[in-house]
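So the chains spell out like this:
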Amino acid sequence: MILFGFLFIPFSLFADMAVISGRVIDAETRQSLPGAVVSIPDLRLSTVTNGDGEFTFKNVPDRGRFLAEVRFIGYRTITQTIDFSSVGDLEFSLHPSTLEAKEVVITGSAFSTDERKNSTNVTAVGKAELVDRPATNLIDAISRVPGVSQVTTGAAVSKPVIRGLSYNRVVTLANGTKQEGQQWGDEHGV
């Protein structure tokens, strides 16, 4: 009886996942941008473009409208709403922009990387403070913030100690992406 019931279930119920792919290019030169970060925040999906500037998201819903965000250093971040039910290959064109460093944000939350959505205390070290108090590296510069110190093993090799936590207990993000290369070794700086 149960097997007979499965004959009447439409197969489209099982095929509700799709693959979304596309390419990220420079708007002026039309060249691909390898290493651009493409994310769909509502689905908590993120990927990086390959050497040809191409990206792929697998197992995404085959219908619905979702916001996509594309970031690349030296280019303006773009956000665009995509209708997954009528999407083909996507192409995002990024425009170059002037790169200016923002302040360094130090948080104590493992769940929020956006300071506007963060419910914990945030300390920002602005450009003026970094210029007025020169330091040998970034960790040396932020070690002047209350609750932040450093472990130094040599010239320009420092690790942050935030409220007593250090090494693999401190997450370093660059444009919202975890920086995990060599951050735990004693002789490697962030």
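On a predicted model such as this, the values are computed, not experimentally measured, just so you know.

Enquirer: Kindly report on the overall build of the chain, identifying the contributing residues and their values.
Expert: In terms of helices and strands, the chain carries three helices and 13 strands. The buried share of the chain, reckoned over its 190 residues, is 27%. Once local pairs closer than 6 in sequence are excluded, the contacts in the chain between residues at least 24 apart make up 40%. Element-wise, carbon and sulfur atoms account for 53% of the exposed surface of the chain, whose accessible area totals about 12900 Å².

Enquirer: Tell me about the nonpolar core, residues and numbers included.
Expert: Counting 18 residues, the largest nonpolar core has Val-24, Phe-55, Phe-57, Phe-84 and Phe-92 as the members making the most contacts within it. Counting only elements with at least two residues in this core, the list comes to strand E1 (17–26), strand E2 (37–40), strand E4 (54–61), strand E5 (65–71) and strand E7 (90–94). Every residue in contact with Val-24, bar those within four places of it in the chain, is listed here: Gln-31, Ser-32, Leu-33, Ala-36, Val-38, Thr-49, Gly-53, Phe-55, Val-70, Phe-92 and Leu-94. In this structure, Val-125, Ile-142, Val-145 and Val-170 belong to the second largest nonpolar core, which totals eight residues.

Enquirer: Break down the sheet that holds E2 for me, with residues and values.
Expert: Sheet strands pair via backbone hydrogen bonds, and the direction of the pair is either parallel or antiparallel. Ordered by their spatial adjacency, four strands build an open sheet running E3-E2-E5-E6, and the pairing between neighbours is antiparallel. The two strands at the open ends of the sheet, each matched to only one other strand, are strand E3 (45–48) and strand E6 (78–83). Geometrically, the sheet is characterised by an average inter-axis angle of 20° between neighbouring strands, direction not taken into account. With three bridges joining them, E2 and E5 adopt antiparallel strand pairing. Bridging from a neighbouring strand, Ser-39 pairs with Glu-69 of E5.

Enquirer: So what's going on with the sheet that holds E1? Residues and values would help.
Expert: Judged by pairing direction, the sheet is mixed, and its three strands sit side by side in the order E4-E1-E7 without closing on themselves. Looking at the sheet topology across the chains shown, the edges are occupied by E4 and E7. Taken over all neighbouring pairs, the strand axes of this sheet differ in orientation by 25° on average, direction set aside. Judged from the six bridges that link them, E1 and E4 form a sheet pairing that is antiparallel. Residue pairing in the sheet places Ala-18 in a bridge with Val-60 of E4.

Enquirer: Tell me about the environment of Ile-142, and please be specific about residues and values.
Expert: Along the chain, Ile-142 falls in helix H3 (residues 138–142). In this structure the C-alpha to C-alpha distance between Ile-142 and Val-125, which are 17 residues apart in sequence, comes to 7.1 Å.

Enquirer: How would you explain the pairing of E5 if you had to name every residue and give the values?
Expert: A regular strand carries its side chains on alternate faces of the sheet. Relative to E6, E5 runs antiparallel, the two sharing six bridges. When the bridges of E6 are listed, Arg-65 appears paired with Asp-83. In textbook terms, the turn of a hairpin is the stretch between consecutive antiparallel strands, and for E5 and E6 this stretch comprises six residues, one of which, Gly-74, has a positive phi near 90°.

Cut-offs used in this document
Residues numbered from 1 in each chain as written. Predicted model: local features only at pLDDT ≥ 70, side-chain atom pairs only at ≥ 80, totals over all residues. Heavy atoms only, no water. Helix = DSSP H or I, 4+ residues; strand = E, 2+ residues; numbered from the N terminus. Buried < 20%, exposed > 50% of the residue type's maximum accessible area, 1.4 Å probe, protein only. Contact = heavy atoms within 4.5 Å. Areas by Shrake-Rupley, 256 points an atom, 1.4 Å probe, with all protein chains shown as cover. Core = buried A, V, L, I, M, F, W, Y, C linked by side-chain atoms within 4.5 Å. Pairing = 2+ DSSP bridges. Axes fitted to C-alpha atoms, helices over the stretch in contact; angles between N-to-C directions.

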